[in-house]
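Examination of the molecular architecture
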Amino acid sequence: MIQITTFIKMVLQKTQKLSRLRSLGIVTVGATALYMGLTAYHNQDNLFRTFVMPAVRLLPAETSHNLAVLACKYRLYPASDYTDDLNLHSSFFGRLVSNPIGIAAGFDKNGEAVMGLKDLGFGFIEVGSVTPLAQEGNPKPRVFRLVNDRALINRYGFNSDGHEVVAQRLKAIREREDFHAIVGVNLGRNRDTLTPISDYVKGIHTFGPVADYLVVNVSSPNTKGLRNMQSKKELTELLEAVNIARGKLKTNQKVPILLKLSPDLETSELNDIVAVINQKKCRVDGLIVSNTTVARDNISDLALASEAGGLSGEPLRERSTRLIAQMYSLTKGSLPIIGVGGVASGQHAFEKIEAGASFVQIYTALIYEGPELVERIKGDLSLRISELGYACVKDAVGSNYTKYLPSSK
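What comes next is a walk through the structure. Quick caveat: nothing in here was measured; it's all calculated off a predicted structure. (Residues numbered from 1 in each chain as written. Predicted model: local features only at pLDDT ≥ 70, side-chain atom pairs only at ≥ 80, totals over all residues. Heavy atoms only, no water.)

**A look at the environment of V130**
Inspection of the secondary structure assignment puts V130 in strand 4 (residues 124-130). Note on V130: relative accessible area 0%, which makes it buried. Residues V130 and Y200, 70 residues apart in the sequence, show an inter-C-alpha distance of 9.9 Å. Other than its neighbours up to four places away in sequence, V130 contacts K109, S160, G162, H163, V166, V185, N186, L187, G188 and F207. (Helix = DSSP H or I, 4+ residues; strand = E, 2+ residues; numbered from the N terminus. Buried < 20%, exposed > 50% of the residue type's maximum accessible area, 1.4 Å probe, protein only. Contact = heavy atoms within 4.5 Å.)

**A short note on the packing of aromatic side chains**
Within this structure, the stated rule accounts for 10 aromatic pairs. Pairing F92 with F359 gives two aromatic rings, centres 4.8 Å apart and planes at 65°, and the pair type is edge-to-face. In this pair, F92 is assigned in strand 1 (residues 90-92) and F359 in strand 13 (residues 359-362), connecting sequence segments 267 residues apart. One exposure class covers both F92 and F359, and it is buried. With centroids separated by 5.1 Å and ring planes inclined at 55°, the aromatic side chains of Y328 and Y401 adopt a geometry described as tilted. Of the two residues, Y328 sits in helix 11 (residues 317-330) while Y401 sits in the segment after helix 15 (393-396), which places them 73 residues apart along the sequence. Taking relative accessible area as the criterion, Y328 reaches 17% and is therefore assigned buried. An aromatic cluster of at least three residues, connected via ring pairs, comprises F92, F93, F124, Y213 and F359. (Phe/Tyr/Trp six-rings, centres within 6.5 Å; stacked < 30°, edge-to-face > 60°.)

**Focus on the sheet that holds strand 13**
Pairing in this closed barrel of eight strands is parallel, and the strands run 3-4-7-8-9-10-12-13 around the ring. Each strand of the sheet is rotated relative to its neighbour by a mean of 25°, with strand direction disregarded. Relative to strand 12 (residues 337-340), strand 10 (residues 286-289) runs parallel, the two being bridged by three bridges. In the strand pairing of strand 12, L287 is matched with I337. (Pairing = 2+ DSSP bridges. Axes fitted to C-alpha atoms, helices over the stretch in contact; angles between N-to-C directions.)

**Some remarks on the sheet that holds strand 5 (residues 143-146)**
Strand order in the open sheet formed by three strands is 5-6-11, with antiparallel pairing between adjacent strands. The open sheet terminates on both sides in strands that have one partner only, identified here as strand 5 and strand 11 (310-313). Looking at each pair of strands side by side, their axes are set apart by 20° on average, direction ignored. One ladder, built from four bridges, connects strand 6 (residues 151-154) with strand 11; its direction is antiparallel.

**A word on the packing of helix 9 (residues 267-277) against helix 11**
Relative placement of two packed helices is described by the angle separating their axes and the distance separating the axes. Remark: helix 9 packs on helix 11, axes separated minimally by 10 Å, with the N-to-C direction vectors making an angle of 45°. The pairing of helix 9 with helix 11 is recorded here as oblique in orientation. Crossing hand, helix 9 versus helix 11: right-handed. Touching T267, L270, N271 and V274 of helix 9 are L323, Q326, M327 and L330, all from helix 11. Considering only residue class, the contact of helix 9 with helix 11 consists of five nonpolar, three polar and no charged. (Parallel < 35°, antiparallel > 145°, perpendicular 65-115°, else oblique. Left-handed = near helix turned anticlockwise from the far one by under 90°. Nonpolar A, V, L, I, M, F, W, Y, C, P; charged D, E, K, R; others polar.)

**Topic: the packing of helix 12 (residues 346-355) against helix 14 (residues 373-387)**
The N-to-C vectors of helix 12 and helix 14 enclose an angle of 55°; their axes lie 7 Å apart at closest approach. Taken together, the axis directions place helix 12 and helix 14 in an arrangement best described as oblique. The hand of the helix 12/helix 14 crossing is right-handed. Contacts between helix 12 and helix 14 involve G346, Q347, A349, F350 and I353 from the first element and I377, D380, L381, R384 and I385 from the second. Here the contact of helix 12 with helix 14 is composed, by residue class, of six nonpolar, two polar and two charged.

**As for unusual backbone geometry**
Of note, the amide linkage connecting G128 to S129 takes the cis form, showing an omega dihedral of 10°. Within the secondary structure layout, S129 lies in strand 4. In this structure, the amide linkage connecting K140 to the following residue, P141, adopts the cis form with an omega of 0°. Positive phi is not limited to glycine here, since N252 has a value of about 55°. Along the chain, N252 turns up in the loop between helix 8 (232-247) and strand 9 (257-261).

**Examining the pattern of salt bridges**
Where charged atoms from two side chains of opposite charge come close, those side chains can pair. Counted under the stated rule, the structure contains 21 salt bridges. Close ionic contact of E112 with K73 constitutes a salt bridge, the shortest N to O distance being 3.7 Å. Here the residue E112 occupies a position in the loop between strand 3 (101-103) and helix 5 (114-119), and K73 occupies one in helix 4 (residues 61-73), the gap between them amounting to 39 residues. In this structure E112 comes out as buried when scored by relative accessible area, which is 19%. Here E237 ties to K233 by a salt bridge, and the two come within 2.8 Å at their closest N and O atoms. One end of the pair is E237 and the other is K233, both in helix 8 and four residues apart, which spans about a single turn. (Salt bridge = Lys/Arg side-chain N within 4 Å of Asp/Glu carboxyl O.)

Put into structure tokens, the structure is as follows:
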């Protein structure tokens, strides 16, 4: 078990804007609570939810995030002994996964915690967003918990260790004998780049050989001008360049490329996107729906509603599910969709699936529920699929997508 002093040292490096005394105090308390809880968790399954998570939430949001990443990095969470039911097994772009639940980009931004996340029982893991050059991201504070809304507002702004460092980490992980995971890399662009398309092309060249899938992220609201790359002209140029770059890879030339969309797109913009990806030169292998939203619907915490950044969690759930149904309809179910946004239960996951998602990612709910959430979602989802008479997840995909379309409300 890693010593608490190591936690303190590493997290202090990530909380430079806090005063030294305050940093030492809050991180010591948080690390001690985490250490004690993790030790006791081996003997009492619900202790994490009732003791550790409330204690960690007393810390600033970014500090507790850093602690969670460190805990996964050093594999401190007890490895899940949950056996995934057969009805959860799925084909993930030609690879078998034992369940369709993944961790969304944003948690493990730099590929440090892959093995620990696999221990928690995720079917697949997405790291990033990763930018070509290392960058700090936006000024702190840049993450805010909306506890009553079970939500989060973040404006990290692609804080990243950069392509070279993250790629080396992933190469090292793949050389391990105990490595058995599907890992995708979410690609971003540097804030001040003059050649944004080139940034994504570099990502294809760097991570194509070491990733199981790649994500073109042009939908984060926290990098100025990024969402403009979803427009018809810019997206066409971007995806043409990305496909050319993939075709030039010496290894893993068929690495799947996914496009991550904003939940704030209008219907006309969705139609334009579908028109683009239907072009042979701009094809993608799947979609991720959706990123965080700039909307502030259904928020009770008005004090934080004015904070700039992307909103995730429960307030995003219906919006993202609606977009999944729209994209499933517009693409006629021809593209696999990874659904993300507000998933905190097996029922939420099933809603995404029947709206058209083949796979589901979670992130924000982990902040409020703790790592045992992964097992609960999988168990509830398996039961739900069985009760409705489906043999497997695949049979339920898009089974009731019209229910979630805007016109049906």
